[in-house]
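Take a look at the letters that make up each chain.
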Amino acid sequence: MKEDPFLNPINPDKVAQNPGLLPYAHTAGGAVIKPEDTGKTKGRSILAMRQQTDRQMNQLYEQMEVLAKQAKLIADRKEISERIYDAAMGFEPIISETYYMYEKEDGTDLLSLVAPHEWGRSFKYSRYLAKVILLADHTWDVTYNEESN
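Okay, so let's go over this structure.

Cut-offs and rules
- Here, residues in each chain are numbered from 1, in the same order as that chain's written sequence.
- Two thresholds apply to this predicted model, a pLDDT of at least 70 for residue-level local features and 80 or more for giving and counting side-chain atom pairs, whereas whole-chain, interface and lining totals are computed over all residues.
- The side-chain quantities take in all heavy atoms of the structure and omit both hydrogens and water.
- By convention in these notes, a salt bridge is any Lys or Arg side-chain nitrogen within 4 Å of a carboxyl oxygen on Asp or Glu.
- Secondary structure elements follow DSSP: runs of H or I no shorter than four residues count as helices, runs of E no shorter than two count as strands, and numbering proceeds from the N terminus.
- Buried means the residue's accessible area, taken with a 1.4 Å probe over protein chains only, is under 20% of the maximum for its type, while exposed means over 50%, and partly exposed covers the values in between.
- Nonpolar core, defined: a set of buried Ala, Val, Leu, Ile, Met, Phe, Trp, Tyr and Cys residues in which side-chain atoms within 4.5 Å join the residues together.
- At least two DSSP bridges between two strands are needed for those strands to be called paired.
- Throughout, an axis means a line fitted to C-alpha atoms (over the contacting stretch in the case of helices), and angles, computed between N-to-C directions, take values from 0 to 180 degrees.
- Any pair of residues with heavy atoms lying within 4.5 Å of one another is described as a contacting pair.
- A pair of aromatic rings is counted whenever rings of Phe, Tyr or Trp (Trp by its six-membered ring) have centres within 6.5 Å, and the orientation is called stacked for planes under 30 degrees apart, edge-to-face for over 60 and tilted otherwise.
- What qualifies as a polar contact is a pair of N or O atoms within 3.5 Å, subject to a donor-acceptor requirement within protein and to the restriction that residues adjacent in sequence count only when both atoms come from side chains.

Observations regarding the pattern of salt bridges
Applying the stated criterion across every chain yields a total of four salt bridges. The residue E103 makes a salt bridge to R127 at a minimum N-O spacing of 3.2 Å. Here E103 is found in strand β1 (residues 98–103), whereas its partner R127 is found in strand β3 (residues 127–134), with 24 residues between them in sequence. Under the relative-accessibility criterion, E103 is labelled buried at 16%.

Observations concerning the nonpolar core
Among the nonpolar cores identified, the biggest contains eleven residues, and these are I84, A87, Y99, M101, L111, L129, A130, V132, L134, W140 and V142. At the level of secondary structure, the elements contributing two or more residues to this core comprise β1, β3 and β4 (140–144). Looking at this core, the element that brings in the most residues is β3, giving four residues. Counting seven residues, the second largest nonpolar core, distinct from the first, contains Y100, L110, W119 and Y128.

Some details on the sheet that holds β4
With respect to topology, four strands assemble into an open sheet ordered β2-β1-β3-β4, the strand pairing being antiparallel. Edge strands, defined here as strands with exactly one partner in the open sheet, are β2 (109–112) and β4. Ignoring which end each strand starts from, the neighbouring axes of this sheet average 30 degrees apart. Of the pairings in the sheet, the one linking β3 to β4 comprises five bridges and is antiparallel in character. Paired with L134 across the two strands is W140, which belongs to β4. Against the sheet, helix α1 (residues 38–86) engages β1, β2, β3 and β4, with an angle of about 90 degrees to β4.

Remarks on the packing of aromatic side chains
Under the defined criterion, the tally for this structure stands at eleven aromatic pairs. On the basis of an interplanar angle of 65 degrees and a centroid distance of 5.6 Å, the ring pair of Y102 and F123 is categorised as edge-to-face. With a gap of 21 residues between them, Y102 in strand β1 and F123 in the loop between β2 and β3 connect regions that are remote in the sequence. In this structure Y102 comes out as buried when scored by relative accessible area, which is 0%. Look at F123 and you get partly exposed, because its relative accessible area is 31%. Measuring from ring centre to ring centre gives 6.0 Å for F123 and Y125, while their planes differ by 80 degrees; the resulting arrangement is edge-to-face.

Quick look at the side chain of S81
Here S81 shows up in helix α1. A polar atom in the side chain of S81 sits 3.1 Å from the backbone nitrogen of W140. Ignoring anything within four residues of it in the chain, the contact list for S81 reads T139 and W140.

Structure, rendered in structure tokens:
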């Protein structure tokens, strides 16, 4: 029997119409395509997601700590300012001026224009508490006397 020169020797059932779309290599020199281990992929993805969200949560906690410290400083300044305004003073305080806070013998406070070193021997209070400066928002910047604490 004579072979037909136009006969395809490859079985048509074994030939793909679009070999480039096959999910595996279709030639000996083709790229090796391995199925992914979905458990491993999910595990890596979850780990990366947790690391990223933990980092973001830590940043938020750090920001909250800064805000909490600022709120505490403002609350302290408010409390100190109220104490200073409750102190006896014979003048109207001026913004940005320095004043001195003393404790009297009876335990009440006094705001004075006179610094501790200016009293000389006539110092008549039980102790010097702090140097204070009136701020523009009518709170006080306080520098405590280390010896009185």
